Amino acid sequence: MKSIKLKNGRLETLLSNTIELFYNDSVRELSKTLPDRKDKLIPDLDPCSDDYLFTAFKLKLSDYGYPRALRGTPQADMEKMRPENKTIAKLPVAISRISRFLGSPNNALSMYYPEDGFIGWHHNGNAPGYNILMTYSIDGDGGFSFWDYDTKSIHTIPDKKGWSVKVGYYPNERKEADRVYWHMAKTKKERITIAWVINQKEMWKNMIDEISQGDYNRDDVLRQ
Ligand SMILES: [Fe+2]
């Protein structure tokens, strides 16, 4: 993943409208009632640790497409569990506004991380494609980490205060099994991620252009 600048004022407004919908007592209360998702295949290791990743490397690739361990609440689950809640009902509306503004890509996942929230190591090779991740952090105390095949080491992109945007590509676990994109994220304070997966590279490029107003390093960003 590469970071790009968020320079589109309209998009910034649409994104800021979602903050109070995620950061409110309905969501916090719901999130507290949900137990952590635990990985039964690797029950004894911190799902964001290096050891967990190295253990997962030896297991079946298809078991780690989706995160097996997490502490957080997908927006889709909120709607299912609290269909009567008026604040939660506004979330899909606010997110689909962003989606329409960006040219209607599929919104793959919107996620609320509570305090000390995390999403354990996984690779999304079961939902391959170009992607765009928009993250909100109160003070940038969280981050996104990934496995770098070139250096054979873990890199971390720290969150920034406010919104930040990362773009990348998730290889297919069947066709590109040797280069699937292992990643995890964790945070101390509450965090939001809104993610899109895009099948066509051209559409992904157009979205990057729109978000950054064309201000990005093409060689670096598009070479993914
Ligand atoms: Fe992911």
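Keep in mind it's a predicted model, so treat the numbers as computed, not measured.

Here the focus is the overall build of the chain. Each helix and strand in the chain was counted, giving 7 helices and 11 strands. In terms of overall dimensions, the chain is globule-like: its C-alpha atoms have a radius of gyration of 17 Å, near the 17 Å expected for 224 residues. Dimensions of the chain along its principal axes, counting C-alpha atoms only, are 45 × 45 × 30 Å. Counting over 224 residues, the chain shows a buried share of 36%. Contacts spanning at least 24 positions in sequence make up 82% of the contacts within the chain whose residues lie at least 6 apart.

Here helix H1 (residues 9-22) crosses helix H5 (residues 86-101) at 165°, and the two axes come no closer than 9 Å. Classified by the angle between their axes, H1 and H5 sit roughly antiparallel to one another. The two elements H1 and H5 meet at a crossing, and its hand is left-handed. Residues Arg10, Leu11, Leu14, Leu15, Asn17, Thr18 and Leu21 of H1 lie in contact with H5, whose contacting residues are Thr87, Lys90, Leu91, Ala94, Ile95, Arg97, Ile98 and Phe101. Looking at side-chain class alone, the contact of H1 with H5 contains 9 nonpolar, 3 polar and 3 charged residues.

Here the focus is helix H6 (residues 201-212). With 12 residues, H6 should reach 16 Å at 1.5 Å per residue; the first-to-last C-alpha distance of 16 Å fits that figure. Along H6, the residues classified as buried are Trp204, Met207, Ile208 and Ile211. For H6, the buried positions fall inside an angular range of 100° around the axis, keeping them on one side. Check the buried side of H6 and you find it contacts strand E1 (2-4), H1, strand E6 (129-137), strand E9 (162-170), strand E11 (191-198) and helix H7 (218-221). With its phi angle positive at about 55°, glutamine 213 sits one or two positions after the end of H6.

A few words now on the sheet that holds strand E10 (residues 183-186). Spatially, the 5 strands line up as an open sheet ordered E2-E5-E10-E7-E8, and their pairing is antiparallel. Looking along the sheet, the strands with just one partner apiece sit at the ends: strand E2 (70-71) and strand E8 (153-158). Of the strand pairs in this sheet, strand E7 (residues 143-148) and E10 are connected by 4 bridges, and their pairing is antiparallel. Note on E10: the bridge partner recorded for phenylalanine 146 is histidine 183. Across the sheet, helix H3 (residues 50-57) is in contact with strand E5 (118-122), E7 and E8; its angle to E5 comes to roughly 35°.

This brings us to the nonpolar core. One finds Ile132, Met207 and Ile208 to be the most contacted residues of the largest nonpolar core, which totals 49 residues. No other element matches E6, which puts 5 residues into this core. When neighbours within four sequence positions are excluded, methionine 207 is seen to be in contact with Leu102, Gly103, Pro105, Ile132 and Ile198.

About the criteria used
Residues numbered from 1 in each chain as written. Predicted model: local features only at pLDDT ≥ 70, side-chain atom pairs only at ≥ 80, totals over all residues. Helix = DSSP H or I, 4+ residues; strand = E, 2+ residues; numbered from the N terminus. Rg over C-alpha atoms; globule rule 2.2 N^0.38 Å. Buried ≥ 20, exposed ≤ 12 C-beta atoms within 10 Å, placed from the backbone. Contact = placed C-beta atoms within 7 Å. Axes fitted to C-alpha atoms, helices over the stretch in contact; angles between N-to-C directions. Parallel < 35°, antiparallel > 145°, perpendicular 65-115°, else oblique. Left-handed = near helix turned anticlockwise from the far one by under 90°. Nonpolar A, V, L, I, M, F, W, Y, C, P; charged D, E, K, R; others polar. Expected span 1.5 Å × (residues − 1). Arc of directions from axis to C-beta. Pairing = 2+ DSSP bridges. Core = buried A, V, L, I, M, F, W, Y, C linked by C-beta atoms within 7 Å.

Nothing here speaks to function; it is geometry throughout.
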